Amino acid sequence: GESVGLHLPTLSVQEGDNSIINCAYSNSASDYFIWYKQESGKGPQFIIDIRSNMDKRQGQRVTVLLNKTVKHLSLQIAATQPGDSAVYFCAENNDAGNNRKLIWGLGTSLAVNP
Amino acid sequence: EPEVTQTPSHQVTQMGQEVILRCVPISNHLYFYWYRQILGQKVEFLVSFYNNEISEKSEIFDDQFSVERPDGSNFTLKIRSTKLEDSAMYFCASNDPRVSSTDTQYFGPGTRLTVL
């Protein structure tokens, strides 16, 4: 069946270092991928997205890489700050038949040490 | 910046009672969603809603669940007879790919439902 999973459930980094959060997906039909950040007690907050016709997309301090060959997605955060501490989820979607539901991974907890 | 809002932030109810969770999606969005997240688990899709009807629902969304858009701004999730396992965070989301040119769904802060 379709599933999205994360390789590392927890990640601890030093402030100022770069962080890399990984995600594996199994549905080769997925054509849209999103990273969300969830702080404690809050709803998921959009970070960055990428379509399957791209392999890299950059935002402010964040980069998403997509490797369709191995069905792997990663989120890179440059110069990680204490405010980046949160749980990060990847989610996938395919628009076949107007299916717009997001399928979510388990989440990776990022802890930034000052 | 427009945002999705949800009320109440926390709802405590007795097993078997009906609850209604409320959401105000971002205005001019046309697609609406409910997701739930059981404590410590991943977010799960419940239902999507477009053009005043359900466009897709998951296995979780059984006959005890219903959604409604009673007016031009609110989007509600009703659970008719709550069970202990309904305890979770419920998130509302909305989007309109025609506006944003992406499928990005914007989420509300969630309602924590506790069933006793």
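Here the structure is a predicted model, which means the values were calculated and not measured.

Visitor: What should I look at first to understand the overall build of chain B in this one?
Guide: Helix and strand counts for chain B come out as 1 helix and 11 strands. Taken over the C-alpha trace, chain B has a radius of gyration of 14 Å; the compact-globule value for 116 residues is 13 Å, and the two agree within 12%. Here the contacts in chain B between residues at least 6 apart in sequence split such that 54% fall between residues at least 24 apart. Summed over its atoms, the accessible surface of chain B is roughly 5800 Å², and 46% of this surface lies on carbon and sulfur atoms. A distance of 3 Å separates the average location of the 10 positive side-chain charges in chain B from that of its 15 negative side-chain charges.

Visitor: Teacher, can you tell me more about the packing of aromatic side chains here?
Guide: One pair of aromatic rings is described through two measures. These are the centre distance and the angle between the planes. Counted according to the given criterion, the structure contains 17 aromatic pairs over all chains. Three or more aromatic residues joined by ring pairs make a cluster, and in this case those are Tyr 36, Phe 46, Phe 89 and Trp 104 of chain A together with Tyr 33, Tyr 35, Phe 45, Phe 91, Tyr 106 and Phe 107 of chain B.

Visitor: What's the story with the confidence of the model for chain A in this structure? I'm lost.
Guide: Interpretation of the predicted coordinates at a detailed level should be avoided for regions scoring low in pLDDT. Averaged over all residues, the pLDDT of chain A equals 87, while 89% of them reach at least 70. At the level of individual helices and strands, chain A shows its lowest average pLDDT in strand E1 (residues 4–5) of chain A, which scores 52, and its highest in strand E7 (residues 62–67) of chain A, which scores 97.

Visitor: Looking at this structure, how should I read the pattern of salt bridges?
Guide: Between side chains of opposite charge, pairing is possible as soon as their charged atoms come close. All names here are of chain A. Summed over the entire model, instances satisfying the criterion amount to 5 salt bridges over all chains. Where Arg 61 meets Asp 84, a salt bridge forms, and the shortest distance between an N and an O atom there is 2.9 Å. Taken together, the positions of Arg 61 in the loop between strand E6 (56–58) and E7 and Asp 84 in the loop between strand E8 (72–77) and strand E9 (86–93) put the pair 23 residues apart, joining distant regions of the chain. Here Arg 61 falls in the partly exposed class, since its relative accessible area comes to 31%. According to the relative accessible area criterion, Asp 84 is buried, its value standing at 8%.

Calculation rules
Residues numbered from 1 in each chain as written. Chains lettered and ligands numbered in written order. Predicted model: local features only at pLDDT ≥ 70, side-chain atom pairs only at ≥ 80, totals over all residues. Heavy atoms only, no water. Helix = DSSP H or I, 4+ residues; strand = E, 2+ residues; numbered from the N terminus. Rg over C-alpha atoms; globule rule 2.2 N^0.38 Å. Contact = heavy atoms within 4.5 Å. Areas by Shrake-Rupley, 256 points an atom, 1.4 Å probe, with all protein chains shown as cover. Lys, Arg positive; Asp, Glu negative; His and termini not counted. Charge placed at Lys NZ, Arg CZ, Asp CG, Glu CD. Phe/Tyr/Trp six-rings, centres within 6.5 Å; stacked < 30°, edge-to-face > 60°. pLDDT = per-residue confidence, 0-100. Salt bridge = Lys/Arg side-chain N within 4 Å of Asp/Glu carboxyl O. Buried < 20%, exposed > 50% of the residue type's maximum accessible area, 1.4 Å probe, protein only.

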